[in-house]
Amino acid sequence: MITAFNFPVAVWAWNAAVALVCGDPVVWKPSEKTPLSALACHSLLQQAIAEFDGTLSALSNVVAGGVEVGQQLAASTALPLISATGSVRMGRAVAQRVAARLGRSLLELGGNNGMIVAPTADLELALRSIVFAAAGTCGQRCTSLRRLFVHDSIADDLKDRLASTYQKLRIGDPTEKDVLVGPLIDSQAFEQMQSALGAARKQGGTVHGGQRVSSGVPHGGVYVQPALLEISADAPIIQQETFAPVLYFIRYERFDQAIEWHNSVPQGLASAVLTRDIQEAELFCSAAGSDCGIVNVNIGTSGAEIGGAFGGEKETGGGRESGSDAWKQYMRRVTSTVNYSDQLPLAQGIKFEI
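Residues numbered from 1 in each chain as written. Predicted model: local features only at pLDDT ≥ 70, side-chain atom pairs only at ≥ 80, totals over all residues. Heavy atoms only, no water.

## Some points on the sheet that holds strand β7 (residues 145-151)
Spelled out, the test is: Two strands qualify as a pair provided that DSSP identifies no fewer than 2 bridges between them. By the criteria applied, helices consist of DSSP H or I runs no shorter than four residues and strands consist of E runs no shorter than two, each listed in order from the N terminus. Every angle, taken between N-to-C directions, lies between 0 and 180 degrees, and every axis is a line fitted to C-alpha atoms, over only the stretch in contact when it is a helix. Two residues form a contact once any of their heavy atoms are found within 4.5 Å.
Taken in spatial order, the 7 strands line up as β8-β11-β12-β7-β6-β14-β15 in an open sheet, and their pairing is mixed. Each edge of the open sheet carries a strand with a single partner, namely β8 (206-208) and β15 (294-297). Averaged over all neighbouring strand pairs, the angle between strand axes comes to 20°, with direction disregarded. With 4 bridges joining them, strand β6 (residues 113-117) and strand β14 (residues 270-274) adopt parallel strand pairing. Within β14, the position partnered with M115 by the bridge is A272. The sheet contacts of helix α9 (residues 278-285) involve β6, β14 and β15, and relative to β15 the element is tilted by about 175°.

## Some words on the packing of helix α5 (residues 123-135) against helix α6 (residues 152-168)
Using the following cut-off: For this classification, under 35 degrees means roughly parallel, over 145 means roughly antiparallel, 65 to 115 means roughly perpendicular, and everything else is oblique. By convention, the crossing between two helices is left-handed when the near helix turns anticlockwise from the far helix through less than a right angle, and right-handed when the turn is clockwise.
At a minimum axis distance of 10 Å, the contact between α5 and α6 shows a crossing angle of 50°. When the axis of α5 is compared with that of α6, the two are oblique. The two elements α5 and α6 cross, and the hand of that crossing is right-handed. Taking contact as the criterion, the partners of L123, E124, L127, I130, V131 and A134 in α5 are, on α6, I154, D157, L158, R161, L162, T165 and Y166.

## A look at the state of the cysteines
Inclusion rule: Put simply, a disulfide is two cysteine sulfurs that come within 2.5 Å.
If you walk through the whole model with that rule in mind, you get 0 disulfides. Counting only cysteine sulfurs, C142 is the nearest neighbor of C41, a cysteine outside any disulfide, at a range of 16 Å.

## A few points about helix α8 (residues 255-262)
Given 3.6 residues to a turn, an α-helix orients residues that are three or four positions apart in the same direction. What counts is decided by this rule: Per-residue accessibility, obtained with a 1.4 Å probe over protein chains only, is compared with the maximum for each type, and a residue is labelled buried under 20%, exposed over 50%, and partly exposed between these values.
The complete set of buried residues in α8 reads F255, Q257, A258, I259 and H262. Where the residues of α8 are buried, they touch β6, β7, β12 (246-252), β14 and α9.

## With respect to the nonpolar core
Heads up, the condition is: Among buried residues, those of type Ala, Val, Leu, Ile, Met, Phe, Trp, Tyr and Cys that are joined through side-chain atoms within 4.5 Å constitute a nonpolar core.
Of all hydrophobic cores here, the largest spans 61 residues; its most connected members are I116, V117, I130, L148, L162, L184 and Y248. In terms of residue count, the dominant contributor to this core is α5 (8 residues). Excluding residues within four positions of it along the chain, I116 makes contact with F149, Y252, F255, A258, I259, A272, V273, L274 and F284. Ranked by size, the runner-up nonpolar core spans 13 residues in total, among them V69, V88, V94 and L107.

## Brief notes about the packing of aromatic side chains
Inclusion rule: Ring pairs shown here join Phe, Tyr and Trp side chains whose ring centres sit within 6.5 Å, with only the six-membered ring taken for Trp; geometry is labelled stacked below 30 degrees between planes, edge-to-face above 60, and tilted in between. Geometrically, a lysine NZ or arginine CZ counts as sitting over a ring once it is within 6 Å of the ring centre and also within 35 degrees of the ring normal.
In this structure the tally under the stated criterion is 0 aromatic pairs. Over the aromatic face of F190 sits the side chain of R212, whose NZ or CZ is 5.4 Å from the ring centroid.

## Thoughts on the pattern of salt bridges
Just so we agree on the cut-off: Salt-bridge detection follows one rule: a side-chain nitrogen of Lys or Arg within 4 Å of a carboxyl oxygen of Asp or Glu.
Counted under the stated rule, the structure contains 15 salt bridges. For D186, the salt bridge is made with K33, and the minimal N-O distance between the two is 3.0 Å. Pair noted here: D186 is in the loop between α6 and α7 (187-202) and K33 is in the loop between β2 (26-30) and α2 (35-52), with a separation of 153 residues, a long-range link. Residue K33 is classed as partly exposed on the basis of its relative accessible area, which comes to 41%. Of the charged contacts in the structure, one is a salt bridge between R161 and E124, with a shortest N-O distance of 2.7 Å.

## Quick word on the packing of α8 against α9
As a reminder, the rule being used: By the convention adopted, Pro, Cys, Tyr, Trp, Phe, Met, Ile, Leu, Val and Ala count as nonpolar, Lys, Arg, Asp and Glu as charged, and the other residues, Gly among them, as polar.
For the pair α8 and α9, interaxial distance at closest approach is 12 Å and the crossing angle is 25°. The orientation of α8 with respect to α9, classified from their angle, is roughly parallel. The handedness of the crossing between α8 and α9 is right-handed. Along the contact surface, α8 presents F255, I259 and H262, while α9 presents E280, L283 and F284. Residues that form the contact of α8 with α9 fall into these classes: 4 nonpolar, 1 polar and 1 charged.

Okay, structure coming up:
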């Protein structure tokens, strides 16, 4: 049996699919901020199950609640595997509680994702890749772009293009046509975003955008202008992931310098390089390049990688969802030896006579 703990809806979909294929019933504890989405997905799954055999409805279960509910699930010996997606802080708490009972945990945690834009990059492709990765879903995706390293020779041009495009983004109800940026999930997310912007200013950063949007948007939601920040690579704030449309713009001179800065954060989920130089692309994908679990070339950190082994390194938790080997996490491994003779075969040719 598996419990998916504090899962966003999209992540639950592929985790549940793998678990069910492996014969595991699923206990899903969604984020306390998205209970209705969880119940809607659960209802769709139950409808699909009913078409096969209604007696299998217990294969999928939803448990709604706050932190205390998650703690009880993580501590339960009835749940051999806890698969958790969320913050690094949450992951540490889950891992410790599961480890205390010698259970198994599969973690997909924070992503402070970076992209390097080399001087040979296609700037039109770069512009689309960056804006979607950084501002799409209002920066609330584990693979959202947070840090952008741009070669000094093209930095001014790309910065101006980004700033201009950010100003033109349509913000509002994401169910409406041509709306590219929806709301933040709640006012707490807005406060965390403003705190990060304030820290960036104190650390020498120049902030473009980031303000709250109140006109032309639905009443009651928390809408913001995506923020673009020019900042130095050694600013402490870029070590943290802010779950909002905040993009740090950093200039570099040497490719090896950009890789070093890219790898200098504690998280390691998704990464990208935009270049026409095959040596740069190969280096970025090699062991000497990106230290992330997802490495892209000439495409942004879009989250479309879910068909592969999705997950990251370092404080991202090391877990992998989806991909060719994901099913192994959801099954017990058993080694069986069957002796068909009347002899007793022993290791290393040992003889045991009585």
